[in-house]
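Geometric and topological summary
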Amino acid sequence: MAHAILGGTFDPIHRGHVECAVELRQRLGFSRLDLVPCHLPAHRNSPDSSASHRLAMARLATAGIAGVGVDDRELRREGPSYTADTLAELREVLGRDVSLTFVMGGDAFNTLQHWARWKSLFEFANVVVMERDGVACQPAAEVIAYTEPRRVDAQKITAQSSGGFARIALRPWPQSATEVRRRLQAGEPLGDWLPEAVLGYIREHRLYL
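Everything quoted here is computed from the prediction, not taken from an experiment.

Focus: the overall build of the chain
- Secondary structure summary: the chain contains 8 helices and 6 strands in total.
- For the chain, the sequential pattern of α-helices and β-strands runs β-α-β-α-β-α-β-α-α-β-α-β-α-α.
- For the chain, buried positions account for 50% of its 209 residues.
- When contacts within the chain are restricted to residue pairs at least 6 apart in sequence, those whose partners lie at least 24 apart make up 74%.
- In the structure as shown, the chain presents an accessible area of about 10000 Å², 47% of it carried by carbon and sulfur atoms.
- Here the chain contributes 25 positively and 25 negatively charged side chains, and the mean placements of these two sets differ by 2 Å.

Observations concerning unusual backbone geometry
- In this structure, Pro-12 follows Asp-11 across a cis peptide bond, with omega equal to 0°.
- By the secondary structure assignment, Pro-12 is in the loop between β1 (2–8) and α1 (15–28).
- Backbone geometry at Arg-117 places phi at a positive 50°, although glycine is not the residue there.
- Assessed through its relative accessible area of 45%, Arg-117 is described here as partly exposed.
- Even without glycine at this site, Arg-206 takes up a positive phi of about 55°.
- Mapping Arg-206 onto the fold places it in the segment after α8 (196–205).

Notes on the packing of aromatic side chains
- Counted under the stated rule, the structure contains 4 aromatic pairs.
- Summarising the aromatic geometry, the rings of Trp-118 and Tyr-146 are spaced 5.3 Å apart at their centres and angled 75° between planes, so their arrangement reads as edge-to-face. Of this pair, Trp-118 sits in the loop between α4 (106–109) and α5 (121–124) while Tyr-146 sits in helix α6 (residues 141–147), placing them 28 residues apart in sequence.
- Residue Trp-118 is classed as buried on the basis of its relative accessible area, which comes to 7%.
- A residue is classified by how much of its surface remains accessible, and Tyr-146, at 21% relative accessible area, is partly exposed.
- An aromatic cluster is built from Trp-118, Phe-122 and Tyr-146, whose rings are joined through pairwise contacts.
- In this structure, Arg-183 packs its charged tip against the face of Trp-193, placed 4.2 Å from the ring centre.

Quick notes on the rules
Residues numbered from 1 in each chain as written. Predicted model: local features only at pLDDT ≥ 70, side-chain atom pairs only at ≥ 80, totals over all residues. Heavy atoms only, no water. Helix = DSSP H or I, 4+ residues; strand = E, 2+ residues; numbered from the N terminus. Buried < 20%, exposed > 50% of the residue type's maximum accessible area, 1.4 Å probe, protein only. Contact = heavy atoms within 4.5 Å. Areas by Shrake-Rupley, 256 points an atom, 1.4 Å probe, with all protein chains shown as cover. Lys, Arg positive; Asp, Glu negative; His and termini not counted. Charge placed at Lys NZ, Arg CZ, Asp CG, Glu CD. Phe/Tyr/Trp six-rings, centres within 6.5 Å; stacked < 30°, edge-to-face > 60°. Lys NZ or Arg CZ within 6 Å of the ring centre and 35° of its normal.

Here you go:
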């Protein structure tokens, strides 16, 4: 049993998010990987669409994908979404011995020192940083000093229940939620950037106009 979570606003969820989740699960051997839409991000602007819409779109995008799902626990909590709280809850549910991994982007890793109780993330879980073209991974010196001694091969991250650190380069994807919202607002074509069910939901509910 090896569980992983990937957080974000998913505003809206796009094919890059989904492909990333599938690639991570396959390459790192997670038995399950859940996307965790946040309620109120602590370090960025509030999402454009409501929690209920973002949750519905995430569920539509992951429907039928083996081993990939959606965890709504942050949307059920009031106030800002803190990853330390989420991982503490999951650890209590999963037990001490199950491998749990939190996956974050390189841009988020660059600001990790500003996260609430950031060192406690490693008490509850392993941490994997996704590296993508165009996003320079330049964490603070204190973060480097704390994470490098914990570094392991990403392919072996599930061998431990928590405390490990790894970085993994993923295939690039062209989509970004910011650009998706801009194109929707401008009425520009999106190509295949959005899963068909998600695009249909956006049109039905007239989101991002």
